[in-house]
Amino acid sequence: MRRIDIVAAIALLGFVALMVLVIIPGESSEGVWHGLSPYFYPVVMLAGVGLSSVGLLVQALTDKSAYNNQTTTPLTWSEFGFFLLACLLILGAVLVFHWLGTWAGGLALIAALMIFMGERNPLRIAAVAVPTIALTWVLVTWTLKIPLP
Amino acid sequence: MSGQVLQAFSNVMTLEVMAYITLGLFIGYVVGVLPGLSRATAIALLIPITYKLPPLAGISFLIGVSKGGNTGSALTAILINVPGEPQSVVTALDGYPLAQQGKSQKALKIALIASVLGDFLATLALIALAQPLAAIATGTGPVEITAVLIFAVTFIAAVSGHSFYKGLIAGFLGLLLAAPRLDIETGQPRLTFGFADLYDGVPLLAVAIGTLALSEMLVQIDKGWRGSYEHKAALLRDSTPEGRRLSYREFITCLPTIIRSTFVGIGIGSIPGMGASLSSFLAYAWTKNRDKDPSSFGKGRLEGVAAAESADNASVPAGLIPMFAIGLPSSASAALLMGAFMLHGLTPGPFLFRDDAALVYAIFIGMVMASFIMLIMGLIGQNLFARLITVSEIILVPIIVFLCVIGAYLEGSGMFSVYLMLVFAFVGYFMKKFDFSFVTFLIGFILGPMAELSLRQAMIITDGKITSLASHPVALVFLALAVLSIWKLNSVRRLQAKTGALPEEP
């Protein structure tokens, strides 16, 4: 966790620098850094992020005893791979939801995740997916009268 | 005022409002029973359903979910030693041993009664304290509000999660997230990157559902945990006749513990960032230490279950005291409730009592009614709710992910919020894994617009001069408290990190 804190602190300092030096000036035609410019508030918050990141970096570099009881790795490479795969599945199903509608996207999403988590019985997948989507469709479009794709 | 209370009473005692309170409690109970699904997640998912509802029905529904979730979490803690919510860890200390002794139903009954009593008394405390505190708060101006917000964010950052600096980073990032929108003075787009969907600010539900619900589901998928608890749910059926009953004598014995622990829950729960976990731990520890036989705790004492549950449930209404009084959410659930208020065009805080007192009183009355409904629901539905423990994650997680997509879509009536939700799910996952407090992040995001407005007004009033603070003593006090919380709580946090005793997220 100590290494992660150091990397995170440096990354956040980089983010603050990017925002203050590149993105905020690029987003505005009137870059004023004091008074009540529209960018006063985000710059103040970015300063807070920056100062806290410096604090985290200093703590991580100088106070090793604070990490004595944190022995387990918070995220292994296999967990990260598993997570990325799950994200890709969800993103793919959301794209189906966007292009083909609620029923196709819902079926793709629920089926993909159930298979990913170990379910192999198609009847059970259908028994979960179809009533879920149907109930949601009825609740949202008929009761709340909000259209779904 | 009596006219407003009568009007509030008549507004609440309608079939529609009572039905939504009951439905909210039922859903909350179910959510509380299911491990891995928190009440904050459920509130985030259910906010879109309240769009079309009148504010009273919608807010009462969501408060019902919050209350039911806290009560339901005791079930899994007692029956299978897996807390439905983090604060139910303490309930399991004596609840699970009672279940193993064939007294599961006795334990469940005392947990239910303690929950309802704690919730009811804390709701009365909320009604008694919120308005007087709000009246004091109306005398404050932007300088004082800015100082209170600075103190709140630093204090919550200091007590949440495992690292003070990470908590602060999360808080400031949440506050920063309120920046993309049309500027409040010039009306020009600011940090919107050409997306018109951001003109009103980053959508609340995209952030809430992404960081709370979807990221938690990604963690659940990641764990690869598939549990079947049928054999453990048998503990409910196998109770002895004596173990199924809670006698009047046993209830009277637990009553002083319930009342004492309720006051602990009210005190701790009303302080932003403290959380229900701390309430239940403190109440349990106090009960154990003053008992004649402390060594019997942890082996099946009814008083242990009663202390934990009454403090835990008292912290829910108590956590709404700062929200109603000064517009400051004390937990993730309170932050989401505050977001729900805003989505209905209301701003929780001192001026809500002035502008819509009848609505506030109606919500309070609804909360009192919810306590009674919760008791009836618990007594009748205990066995039914216990069966839910056997539902596998393979079924639950995909359903919840689907509901996340629908919920995000409903907010913006388009796919922008859905894609944004995916981004925040990604961010929330890493925040959870690397111990950046997502609760502080969410609270910062909810408070962001108010923080910006008060900061800008404060800068105008003080002309940007720090010496002007001398004429704002209340602001100076809160700024001093912020510095004190950074100094003292950071020292305590570093000591806890070294000894391994770290608190839970509120």
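Conventions we followed
Residues numbered from 1 in each chain as written. Chains lettered and ligands numbered in written order. Predicted model: local features only at pLDDT ≥ 70, side-chain atom pairs only at ≥ 80, totals over all residues. Heavy atoms only, no water. Helix = DSSP H or I, 4+ residues; strand = E, 2+ residues; numbered from the N terminus. Rg over C-alpha atoms; globule rule 2.2 N^0.38 Å. Buried < 20%, exposed > 50% of the residue type's maximum accessible area, 1.4 Å probe, protein only. Areas by Shrake-Rupley, 256 points an atom, 1.4 Å probe, with all protein chains shown as cover. Lys, Arg positive; Asp, Glu negative; His and termini not counted. Charge placed at Lys NZ, Arg CZ, Asp CG, Glu CD. Contact = heavy atoms within 4.5 Å. Buried area = accessible area lost by both parts, 1.4 Å probe. Salt bridge = Lys/Arg side-chain N within 4 Å of Asp/Glu carboxyl O. Polar contact = N/O pair within 3.5 Å; in protein donor to acceptor, adjacent residues only side chain to side chain. Nonpolar A, V, L, I, M, F, W, Y, C, P; charged D, E, K, R; others polar. Phe/Tyr/Trp six-rings, centres within 6.5 Å; stacked < 30°, edge-to-face > 60°. Domains from an automatic or database assignment. Core = buried A, V, L, I, M, F, W, Y, C linked by side-chain atoms within 4.5 Å. Axes fitted to C-alpha atoms, helices over the stretch in contact; angles between N-to-C directions. Parallel < 35°, antiparallel > 145°, perpendicular 65-115°, else oblique. Left-handed = near helix turned anticlockwise from the far one by under 90°. Patch = residues over 30% accessible without salt bridge, like charges linked within 9 Å, V, L, I, M, F, W, Y side chains within 5 Å.

Asks: Is there a simple way to think about the overall build of chain B in this case?
Replies: Along the backbone of chain B there are 22 helices and 2 strands. Here the C-alpha radius of gyration of chain B, 22 Å, is about what a compact globule of 506 residues would show, namely 23 Å. Expressed along its principal axes, the backbone C-alpha trace of chain B runs to roughly 70 × 55 × 45 Å. Counting all 506 residues of chain B, 63% fall into the buried class. Element-wise, carbon and sulfur atoms account for 67% of the exposed surface of chain B, whose accessible area totals about 18000 Å². Each charge sign in chain B was given a centre, from 32 positive and 29 negative side chains, and these centres are 9 Å apart.

Asks: Got a minute to help me understand the overall build of chain A in this structure?
Replies: Helix and strand counts for chain A come out as 5 helices and 0 strands. Listed N to C, the secondary structure of chain A is α-α-α-α-α in terms of helices and strands. Expressed as a percentage of its 149 residues, the buried residues of chain A come to 42%. Considering only intrachain contacts with a sequence separation of at least 6, the fraction spanning at least 24 residues in chain A is 53%. When the accessible surface of chain A is totalled, it reaches about 7800 Å², and 72% of it is carbon and sulfur.

Asks: What's the story with the interface of chain B and chain A in this structure? I'm lost.
Replies: Many structure descriptions define interface size as the accessible area lost when the parts assemble. With 62 residues of chain B in contact, the opposing surface of chain A contributes 69 residues. Interface area, chain B with chain A, both sides summed: about 5900 Å², of which 79% is carbon and sulfur. Counting every contact that joins chain B to chain A gives 1 salt bridge. Between Asp 5 of chain A and Lys 166 of chain B there is a salt bridge whose closest N-O contact spans 2.7 Å. Across the chain B-chain A interface, the total number found is 4 residue pairs in polar contact (both at pLDDT 80 or more). In terms of residues, the side of chain B that touches chain A owes the most to one element, helix 19 (residues 393–412) of chain B, which gives 13 residues. Grouping the constituent residues of the side of chain B that touches chain A by class yields 42 nonpolar, 6 polar and 14 charged.

Asks: Please explain the packing of aromatic side chains as it appears in this structure.
Replies: Think of a pair of aromatic rings as described by two things: how far the centres are apart, and how the planes are tilted against each other in angle. Per the stated rule, a full pass over the model turns up 21 aromatic pairs over all chains. Between the aromatic rings of Phe 324 of chain B and Phe 341 of chain B, the centroid separation amounts to 5.8 Å while the plane-to-plane angle is 90°, which identifies the pairing as edge-to-face. Taken as a pair, Phe 324 of chain B in helix 15 (residues 321–326) and Phe 341 of chain B in helix 16 (residues 332–343) lie far apart in primary sequence, 17 residues in all. With relative accessibility at 1%, the residue Phe 324 of chain B sits in the buried group. Judged by relative accessible area, Phe 341 of chain B falls into the buried class, the value being 1%. Three or more aromatic residues link up through ring pairs in this structure, and these residues are Trp 77, Phe 80 and Phe 83 of chain A together with Phe 426, Tyr 429, Phe 430 and Phe 434 of chain B.

Asks: Just to check I follow, could you spell out unusual backbone geometry for this structure?
Replies: Across residues other than glycine, the phi torsion is negative in most instances, and most of the peptide bonds are trans. Residues and elements named next belong to chain B. Unlike most non-glycine residues, Leu 191 shows phi in positive territory, near 55°. Mapping Leu 191 onto the fold places it in the loop between strand 2 (189–190) and helix 9 (204–223). For Leu 191, a relative accessible area of 4% puts it in the buried group. Even without being a glycine, Phe 193 presents a positive backbone phi close to 55°.

Asks: I keep staring at the domain arrangement of chain A and nothing clicks. Help me out?
Replies: Under the domain assignment, chain A is made up of domain 1 (2–67) and domain 2 (77–143). On a C-alpha basis, the centres of domain 1 of chain A and domain 2 of chain A stand 38 Å from each other.

Asks: Before we go on, may I ask you to explain the nonpolar core in this structure?
Replies: The tendency in soluble globular proteins is for nonpolar side chains to be buried side by side. By size, the foremost hydrophobic cluster in this structure holds 188 residues, and its most contacted members are Ile 90 of chain A together with Leu 320, Phe 324, Leu 336, Ile 363, Phe 364 and Met 421 of chain B. In terms of residue count, the dominant contributor to this core is helix 18 (residues 357–387) of chain B (15 residues). Those residues within four positions of Met 421 of chain B in sequence are excluded, and the remaining contacts are Ala 206, Ile 209, Gly 210, Leu 214, Cys 404, Val 405 and Ala 408 of chain B.

Asks: Explain the environment of Pro 86 of chain B to me, please; I cannot follow it from the model alone.
Replies: Turning to its location among the elements, Pro 86 of chain B is positioned in the loop between helix 4 (55–80) and helix 5 (89–100). For the pair Pro 86 of chain B and Ser 277 of chain B, spaced 191 residues apart in sequence, the C-alpha separation works out to 6.5 Å.

Asks: Please explain the pattern of salt bridges as it appears in this structure.
Replies: Oppositely charged side chains can form a pair if their charged atoms are brought close together. All names here are of chain B. Considering all chains together, one arrives at 12 salt bridges over all chains under this definition. Where Lys 432 meets Glu 216, a salt bridge forms, and the shortest distance between an N and an O atom there is 3.4 Å. Taken as a pair, Lys 432 in helix 20 (residues 415–433) and Glu 216 in helix 9 lie far apart in primary sequence, 216 residues in all. The exposure class of Glu 216 is buried, given its relative accessible area of 19%. Three or more residues joined by partner-sharing salt bridges are found here, namely Asp 183, Arg 190, Glu 452 and Arg 456.

Asks: So what exactly am I meant to see when it comes to the packing of helix 4 of chain B against helix 5 of chain B here?
Replies: Two measures define how a pair of helices packs: the angle their axes make with one another and the distance between the axes. Residues and elements named next belong to chain B. Two elements in contact, helix 4 and helix 5, have axes whose closest approach is 6 Å; the angle formed by their N-to-C orientations is 50°. When the interaxial angle is binned, helix 4 and helix 5 end up oblique. The handedness of the crossing between helix 4 and helix 5 comes out as right-handed. Across the interface between the two elements, Ala 74, Ala 77, Ile 78, Leu 79 and Ile 80 from helix 4 touch Thr 91, Ala 92, Gly 95, Tyr 96 and Ala 99 from helix 5. Grouping the constituent residues of the contact of helix 4 with helix 5 by class yields 8 nonpolar, 2 polar and no charged.

Asks: For this particular structure, what's the right way to read the side chain of Ser 115 of chain B?
Replies: Residues and elements named next belong to chain B. The topology assignment puts Ser 115 in helix 6 (residues 104–137). Judged by its relative accessible area of 0%, Ser 115 falls in the buried class. With residues up to four places along the chain from it excluded, the contact list for Ser 115 reads Thr 71, Glu 309, Asn 313 and Met 374.

Asks: Help me understand a nonpolar patch on the surface in this model?
Replies: Residue and element names in this part refer to chain B. A contiguous nonpolar surface patch, about 420 Å² in accessible area, is contributed by Leu 121, Leu 124, Ile 127, Ile 259 and Phe 263. Taken together, the elements giving at least two residues each to the nonpolar patch come down to helix 6 and helix 12 (248–269). Tallying contributions element by element places helix 6 first for the nonpolar patch, with 3 residues. Along the chain, Leu 124 falls in helix 6.

Asks: Before we go on, may I ask you to explain the environment of Leu 352 of chain B in this structure?
Replies: Residues and elements named next belong to chain B. The topology assignment puts Leu 352 in helix 17 (residues 350–355). Here the alpha-carbon distance between Leu 352 and Pro 329, two residues 23 residues apart in the chain, equals 15 Å. Not counting chain neighbours up to four residues away, the residues in contact with Leu 352 comprise Phe 341, Leu 346, Thr 347, Ala 357 and Val 360.

Asks: Looking at this structure, I do not really get the packing of helix 3 (residues 39–46) of chain B against helix 4 of chain B. What am I missing?
Replies: Residues and elements named next belong to chain B. Two elements in contact, helix 3 and helix 4, have axes whose closest approach is 9 Å; the angle formed by their N-to-C orientations is 160°. As far as their axial angle goes, helix 4 and helix 3 are roughly antiparallel. Helix 4 is crossed by helix 3, and the crossing has right-handed handedness. The residues of helix 4 that touch helix 3, namely those facing Arg 39, Ala 42, Ile 43 and Leu 46, are Phe 61, Leu 62, Val 65, Ser 66, Gly 69 and Asn 70. Class assignment of the residues belonging to the contact of helix 3 with helix 4 gives a composition of 6 nonpolar, 3 polar and 1 charged.

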